[in-house]
Amino acid sequence: MDTSAQYAIEQDQNDELASFRERFYFPQFEGRDVLYFCGNSLGLQPKTVEAALLRELEHWKQHGVEGHFRGDMPWMHYHKFLQPGLAEILGAYIDEVVPMNTLTVNLHLLMVSFYRPGRHRYKILMEAGAFSSDQYAVESQVRYHGFQPEEAIIEIAPREGEHTLRTEDILTAIAEHGPEIALILFSGVQYYTGQYFDIAAITRAGHQAGAVVGFDLAHAAGNVPLHLHDWGADFATWCSYKYLNSGPGGPAGIFVHERWAYDHTLPRFAGWWGHDETQRFRMEKGFIPMPGAAGWQLSNAQIFSFAAHKAALDIFQEVGMPALRRKSQALTTYLEYLLGILNQQGLPLQIITPGAPAQRGCQLSVVAGPEGRSLFDFLTAHGVVCDWREPDVIRLAPVPLYNRFQDVHALYQLLQKWLTT
Ligand SMILES: *Cc1c(COP(=O)(O)O)cnc(C)c1O
């Protein structure tokens with residue numbers, strides 16, 4: 001790697017995914033595309049979304065209620081058209097995943113089924129500094145079961161002076177608290193630090209300890225390769241508006257491992273869309289869950305947001321996660337390299353995301369020093385979209401689906417300008 005513009009141009013020329021950039025709309029800044037490094041927060045709009053939405057509007061216009069049964073994508077079965085794409089991204093069997101609701105809603109629904117505290121085994125173990133919504137969900141769930149959060153939630157924090165968790169420390173904590181842990185709920189990729197946790201190892205240790213193990217994959221889905229079935233996680237949920245580009249407020253999804261597919265003893269909050277579809281319209285008493293993740297659905301599909309979600313998923317199916325991961329690692333390593341050079345030149349940026357490519361996705365979180373906020377404002381004023389997280393972190397996510405090496409280089413040049421002015 002080197003710092004020349006020529007290097008970035010060559011990398012883009014050799015990039016097998018380069019053409020996918022054209023599939024997305026970029027917000028404009030002074031007559032050019034912004035430098036968009038915020039796909040970890042809201043992914044860009046695929047150009048195919050508009051047609052997908054118009055198609056459903058037209059279907060509704062032409063068929064009214066019959067739209068549920070007509071055409072090649074009848075609304076009645078709409079969630080099924082998204083399952084194959086999701087299964088690939090999550091590394092799951094088709095029946096193990098389903099799109100539904102939104103992320104925090106799903107966290108609650110899944111905890112209804114999978115957080116079943118007993119008198120001695122009642123704690124939830126999670127990473128310290130989890131996304132606020134997850135903390136609120138967990139707090140309110142333990143209270144709902146009559147426990148106090150201070151007593152029932154175990155948070156694992158990085159060691160003194162470190163920013164991310166060591167896998168060994170996570171596993172030790174699981175072993176230490178083993179008999180008390182009812183549920184382990186971890187991020188796949190941590191939203192603040194960008195750390196990609198070892199889902200397989202955490203799951204194994206959790207199961208050995210007798211706990212149920214679930215994951216919030218908000219920052220992992222579409223960002224890193226996942227093999228949830230093989231890794232054996234009990235459940236997971238994610239949102240689709242970040243790396244999966246489904247648009248603001250887009251649908252979330254759930255994964256429920258096959259081992260639970262036919263377990264009708266699990267408590268769950270039920271609705272008609274989770275009911276055995278062969279009998280759904282009999283409208284009779286007595287809930288019979290669909291096998292697999294579909295049995296957790298409550299309501300009929302939100303067609304417009306599912307349509308946008310599917311349009312974006314189709315792009316992922318074309319690309320495939322292995323190719324996406326290859327580019328992602330190259331692009332993020334390049335950003336890391338350029339930030340390192342700037343650091344040597346006196347820019348006080350400290351990357352807190354793990355340096356090992358296997359332990360991160362595309363996002364790098366950077367502690368930006370005392371002048372961090374004005375640096376962030378400078379970037380914003382020069383057409384960079386990234387985000388600021390209190391107290392002093394800038395998150396930069398070069399997304400392999402639509403970011404170029406030249407985008408990263410342009411950011412480097414701006415940071416140099418900041419240094420020298
Ligand atoms: C983005 C994100 C959320 C957002 O929750 P919504 O229910 O979709 O609003 C929750 N948890 C994590 C870890 C996230 O990254």
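Higher on the page you've got the structure.
Keep in mind that this is a model prediction, so the values were computed, not measured.

J.: Got a minute to help me understand the pattern of salt bridges in this structure?
T.: It is possible for side chains of opposite charge to pair when their charged atoms get near one another. Across all of its chains, the model carries 21 salt bridges by this definition. Between Glu 168 and Arg 159 there is a salt bridge whose closest N-O contact spans 3.6 Å. The salt bridge involving Glu 336 is made with Arg 360; its shortest N-O contact spans 2.9 Å. One end of the pair, Glu 336, is in helix H11 (residues 321–344); the other, Arg 360, is in the loop between strand S13 (350–351) and strand S14 (364–367), with 24 residues separating them in the sequence. Linked by salt bridges that have partners in common, Arg 21, Asp 33, Arg 404 and Asp 407 make up one network.

J.: Explanation requested: helix H4 (residues 103–114) in the structure shown.
T.: Three or four residues apart is the spacing at which side chains of an α-helix point the same way, because the helix has 3.6 residues per turn. Relative to the 16 Å expected for twelve residues at 1.5 Å per residue, H4 spans 16 Å between its end C-alpha atoms, a close match to the ideal helical length. When H4 is considered as a whole, its buried residues turn out to be Leu 103, Asn 106, Leu 107, Leu 109, Leu 110, Met 111, Val 112, Ser 113 and Phe 114. The elements touched by buried residues of H4 are strand S7 (123–127), helix H5 (132–144), strand S9 (181–187), strand S10 (212–216), strand S11 (235–239) and strand S12 (252–256).

J.: Is there a simple way to explain empty space enclosed by the protein in this structure?
T.: Applying the stated criterion to the full structure yields two cavities of 30 Å³ or more. If you trace the largest cavity, you find it lined by Leu 339, Leu 349, Val 366, Leu 375, Leu 379, Ile 394, Leu 396, Leu 411 and Leu 415. Counting only elements with at least two residues in the lining of the largest cavity, the list comes to helix H12 (372–381), strand S17 (393–396) and helix H13 (405–420). Here the lining of the largest cavity is composed, by residue class, of nine nonpolar, no polar and no charged. By volume, the second largest cavity is sized at about 40 Å³.

J.: Explanation requested: the site of the ligand in the structure shown.
T.: Taken together, Leu 103, Thr 104, Phe 131, Asp 134, Asp 216, Ala 218, His 219, Tyr 241 and Lys 242 make up the full set of residues near the ligand. In the model, an oxygen atom of the ligand is placed 3.2 Å from a nitrogen or oxygen of the His 219 side chain. The contact in question runs from an oxygen atom of the ligand to an N or O atom on the side chain of Lys 242, over 2.5 Å. Protein contact buries 83% of the 390 Å² of open area that the ligand shows by itself. Considering only residue class, the shell around the ligand consists of four nonpolar, two polar and three charged.

J.: Would you explain the pairing of S11 in this entry?
T.: The side chains of a regular strand alternate, first on one face of the sheet and then on the other. Of all five residues in S11, five are buried, a share of seventy percent or more. Side-chain alternation along S11 places Phe 235, Thr 237 and Cys 239 on one buried face and Ala 236 and Trp 238 on a second face that is also buried. Relative to S11, S10 runs parallel, the two sharing three bridges. Paired with Phe 215 across the bridge in S11 is Ala 236. Sheet topology note: the S11/S12 ladder contains five bridges and is antiparallel. By the bridge assignment, Trp 238 is partnered in S12 with Gly 253.

J.: Hey, could you run me through the sheet that holds S17 in this one?
T.: Judged by pairing direction, the sheet is antiparallel, and its four strands sit side by side in the order S13-S14-S17-S16 without closing on themselves. Both edges of this open sheet fall to S13 and strand S16 (387–389), since each of them pairs with a single strand only. Both S14 and S17 contribute to a ladder of four bridges, which runs antiparallel. The partner of Val 366 across the bridge, within S17, is Ile 394. In the packing of H12 onto the sheet, the strands contacted are S16 and S17, and the crossing angle to S16 comes to about 165°.

J.: Mind showing me how you'd approach the nonpolar core here?
T.: Side chains that are nonpolar tend, in soluble globular proteins, to be buried together. Grouped together as the largest cluster of nonpolar side chains are 71 residues, with contacts concentrated most on Leu 90, Phe 186, Leu 217, Trp 238 and Leu 401. With nine residues, the single largest contributor to this core is helix H10 (residues 303–319). Looking at this core, you find at least three residues from each of domain 1 (5–33 + 321–420) and domain 2 (53–318). Leave out the neighbours within four places in its chain, and Leu 90 touches Val 97, Leu 217, Leu 226, His 227, Leu 228 and Trp 238. One finds Tyr 115, Val 142, Leu 183 and Leu 185 within the second-largest nonpolar core, a separate group that totals 33 residues.

J.: Got a minute to help me understand a nonpolar patch on the surface in this structure?
T.: Where nonpolar side chains cluster on the molecular surface, the patch consists of Leu 54, Leu 57, Trp 60 and Phe 304 and spans about 410 Å² of accessible area. Ranked by residue count, the leading element in the nonpolar patch is helix H2 (residues 49–63), at three residues. Along the chain, the position of Leu 57 falls in helix H2.

J.: Can you walk me through the sheet that holds S9 in this structure?
T.: Two modes of strand pairing occur in sheets, parallel and antiparallel, and in both the strands are linked by backbone hydrogen bonds. Read from one edge to the other, the open sheet built from seven strands follows the order S6-S12-S11-S10-S9-S7-S8, with strand pairing classed as mixed. What marks the edges here is a single partner per strand, and that holds for strand S6 (97–99) and strand S8 (153–156). Strand-to-strand, the axes of this sheet are offset by a mean angle of 15°, without reference to chain direction. Sheet topology note: the S6/S12 ladder contains three bridges and is antiparallel. If you follow Val 98 over to S12, its bridge partner there is Ile 254. Packed onto the sheet, helix H3 (residues 78–90) meets S6 and S11 and runs at close to 125° relative to S6. Along the sheet, H5 makes contact with S7, S8, S9 and S10, crossing S7 at roughly 170°.

Cut-offs used in this document
Residues numbered from 1 in each chain as written. Predicted model: local features only at pLDDT ≥ 70, side-chain atom pairs only at ≥ 80, totals over all residues. Heavy atoms only, no water. Salt bridge = Lys/Arg side-chain N within 4 Å of Asp/Glu carboxyl O. Helix = DSSP H or I, 4+ residues; strand = E, 2+ residues; numbered from the N terminus. Expected span 1.5 Å × (residues − 1). Buried < 20%, exposed > 50% of the residue type's maximum accessible area, 1.4 Å probe, protein only. Contact = heavy atoms within 4.5 Å. 1 Å grid on protein atoms, 1.4 Å probe; cavity = no way out; pocket = protein on both sides within 12 Å on 5 of 7 lines; lining within 4 Å. Points joined across faces, edges and corners; volume = space filled by probe spheres on them. Nonpolar A, V, L, I, M, F, W, Y, C, P; charged D, E, K, R; others polar. Near = heavy atom within 4 Å. Polar contact = N/O pair within 3.5 Å; in protein donor to acceptor, adjacent residues only side chain to side chain. Areas by Shrake-Rupley, 256 points an atom, 1.4 Å probe, with all protein chains shown as cover. Pairing = 2+ DSSP bridges. Axes fitted to C-alpha atoms, helices over the stretch in contact; angles between N-to-C directions. Core = buried A, V, L, I, M, F, W, Y, C linked by side-chain atoms within 4.5 Å. Domains from an automatic or database assignment. Patch = residues over 30% accessible without salt bridge, like charges linked within 9 Å, V, L, I, M, F, W, Y side chains within 5 Å.

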